[in-house]
Amino acid sequence: MLRPARLGPRDLVRLGGTGLRTRPLRVFLSALGVAIGVAAMIAVVGISASGQAEVDRRLDRLGTNLLRVEPAPPQGGEKRTPLPEEAVAMVRRLPPVLRAESTGLTEARVYRNQDIPVGRTGGIDVVAASPGLLPAVGASVRGGRWLDEATEGAPAVVLGAQAARRLDVEAPGTRLWLGGRWFSLIGVLDPVPLAPELDRSALVGVPAAEKVLDHDGRPTTVYIRADDRQVAGVRAVVAAAANPAKPSGVLISRPSDALAARDATESALNGLLLGLGGVALLVGGVGVGNTMVISVLERRSEIGLRRALGATRGQIRTQFVTESLLLSVLGGIAGTVLGTLITGGYAVLREWPVVVPPWASAAGTGSTLLIGALAGLYPAVRASRLAPTDALAGT
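Note that the coordinates shown come from a computational prediction; the quantities given were computed from them, not determined experimentally. (Residues numbered from 1 in each chain as written. Predicted model: local features only at pLDDT ≥ 70, side-chain atom pairs only at ≥ 80, totals over all residues. Heavy atoms only, no water.)

A.B. asks: Explain the overall build of the protein chain to me, and be specific about the residues and the numbers.
C.D. replies: Regarding its fold elements, the protein chain presents 12 helices and 11 strands. Accessible surface, the protein chain as shown: approximately 19,900 Å² in total, 60% of it carbon and sulfur. (Helix = DSSP H or I, 4+ residues; strand = E, 2+ residues; numbered from the N terminus. Areas by Shrake-Rupley, 256 points an atom, 1.4 Å probe, with all protein chains shown as cover.)

A.B. asks: An account of the environment of Y346 is needed here, citing residue identities and associated values.
C.D. replies: One can find Y346 in helix 10 (residues 313-350). Y346 gets classed as partly exposed once you look at its relative accessible area, which sits at 32%. Separated by 300 residues in sequence, Y346 and G46 place their C-alpha atoms 9.7 Å apart. (Buried < 20%, exposed > 50% of the residue type's maximum accessible area, 1.4 Å probe, protein only.)

A.B. asks: I'd like a description of the pattern of salt bridges, backed by residues and values.
C.D. replies: A complete count under the given rule lists 7 salt bridges for this structure. Across the pair R92 and E101 runs a salt bridge whose closest N-O atoms are separated by 3.4 Å. For R92, a relative accessible area of 46% gives the class partly exposed. Between D227 and R229 there is a salt bridge whose closest N-O contact spans 3.3 Å. Judged by relative accessible area, D227 falls into the buried class, the value being 18%. Relative accessible area serves as the criterion here: at 75%, R229 is assigned to the exposed category. Put simply, R68, E70 and E197 are held in one network by salt bridges that share partners. (Salt bridge = Lys/Arg side-chain N within 4 Å of Asp/Glu carboxyl O.)

A.B. asks: Please provide a residue-by-residue account of the pairing of strand 4 (residues 125-129), values included.
C.D. replies: Look at any regular strand and the pattern is simple: side chains alternate between the two faces of the sheet. Taking burial as the measure, the 5 residues of strand 4 include 4 buried ones, the bulk of the element. Bridging between strand 2 (residues 97-105) and strand 4 involves 3 bridges; their strand directions are antiparallel. Note on strand 4: the bridge partner recorded for G104 is A128. (Pairing = 2+ DSSP bridges.)

A.B. asks: Account for the environment of V158, naming residues and giving values.
C.D. replies: Here V158 is to be found in strand 6 (residues 156-159). Measuring from C-alpha to C-alpha, the distance between V158 and V188 comes to 5.6 Å, with 30 residues separating the pair along the chain. The contact partners of V158, leaving out residues within four places of it in the chain, are R145, W146, L147, L185, I186, G187, V188, L189, S201, A202 and L203. (Contact = heavy atoms within 4.5 Å.)

A.B. asks: For the confidence of the model for the protein chain, give the residues involved together with the corresponding values.
C.D. replies: Mean pLDDT for the protein chain: 81, with 82% of residues reaching 70 or above. For the protein chain, the element scoring lowest by mean pLDDT is helix 12 (residues 388-393), at 58; strand 6 scores highest, at 96. (pLDDT = per-residue confidence, 0-100.)

A.B. asks: Please give an account of helix 7 (residues 231-242) that cites residues and values.
C.D. replies: With 12 residues, helix 7 extends 16 Å from end C-alpha to end C-alpha; this agrees with the ideal 16 Å at 1.5 Å per step. Of all the positions in helix 7, only V231, V234, V238, A239, A241 and A242 are classed as buried. Across the axial projection of helix 7, the buried residues extend over an arc of 160 degrees, all falling on one side. Seen from the open side of helix 7, the exposed residues pointing more than 90 degrees away from its buried face are A232 and A236. The elements touched by buried residues of helix 7 are strand 1 (66-71), helix 3 (87-92), strand 2, strand 10 (221-226) and strand 11 (250-253). (Expected span 1.5 Å × (residues − 1). Arc of directions from axis to C-beta.)

A.B. asks: Which residues make up the side chain of D199, and what are the values?
C.D. replies: When you line up the elements, D199 lands in the loop between strand 8 (181-189) and strand 9 (201-205). This buried residue, D199, is left without a salt bridge; R200 holds the nearest opposite charge, at 6.4 Å. Other than its neighbours up to four places away in sequence, D199 contacts G160, A161, Q162, A163, D190, P191 and V192. (Lys, Arg positive; Asp, Glu negative; His and termini not counted.)

A.B. asks: Outline a nonpolar patch on the surface, listing residues and values.
C.D. replies: A grouping of L25, F28, L29, L32 and I36 is seen on the molecular surface, where their side chains present a nonpolar patch of about 510 Å² in accessible area. Looking at L32, the relative accessible area reads 37%, which means it is partly exposed. (Patch = residues over 30% accessible without salt bridge, like charges linked within 9 Å, V, L, I, M, F, W, Y side chains within 5 Å.)

A.B. asks: Lay out the pairing of strand 10 in plain terms, naming residues and giving numbers.
C.D. replies: The buried fraction of strand 10 amounts to 6 of the 6 residues, a majority that puts the element mostly inside the structure. By the alternation rule, side chains of strand 10 split into T221, Y223 and R225 and V222, I224 and A226, which are all buried. Strand direction decides the pairing type here: strand 1 and strand 10, joined by 4 bridges, are antiparallel. Opposite R68, over in strand 10, you have Y223 as the bridge partner.

As structure tokens, then:
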């Protein structure tokens, strides 16, 4: 009794490849659907991972040991309890505290010139800032210079990034109408990720604020840099140090937590986008299945001839499943490359590190193999059930 020839892996790949080469346009369109789904999934994961790497890099650069102390919001009809004037000095006495600087909100307003109607402040606060504020919050000057001993008592002002944009001023030496008199712009800050409230502020020296703007000298916000290993301990006792009379009236926050929370929010959105990418991949799999069904109908004579020459049903099934797998893998490889390019382009545009997790590429390829196997299973079974006489008679 003659036994059917056994088909090795190389023979199966050659057979499957022949079926794909004879219909290039249909193969391209079917593989494109899979590629779009895989590219969408890898791009979402890659952009999310790149964004997380950027957050981690920024936190490493800015530090996670910054604490912000300010009066707690009033509750139950109580008035907000201001911090005492000695709050900064008392906080500095805590051994783990490396640096403590402050800002104090004033009642003054800043305008581009004296002709601007009162009330059109653009949401810009005028605050009195201590000279050591910049290193405490990790800020830097984009243009000009920061307040120092020579300028903190003079009518000089430094603008945050948003404040400068709203007032449409950048050049040091520009005069601004502040608190009913002219102040000279001496510098503009870069955006401050850990203290975004400074971005929309006009900062003047404490002596100038007390002398010209009737500032009472009380700090509104105290920024603390603590020893990395004792941040939790400092957070537990700093309220009593900042306001011994009423520790419950002190609000303590960790600005780096806000960055982490924002990243978590973006991760939730990325989960939704990842689901949409999965839907696109599923649609691509349906396209592969449709292509294989049509291929079986068009190749009935080929199937009948192979069956007449001794090919078993199992070999026919394996041939068409292999063809479906090859089609899906082509789409998966193209999608992986496309998704990686999209991630790299977006990350470079945002000046982020380019990160594409290896598991994402592996998952993309694995999903295409699963989609290909499932999409090709029914057409393969249908092809194997064709009797040689029926298949040849249908030509």
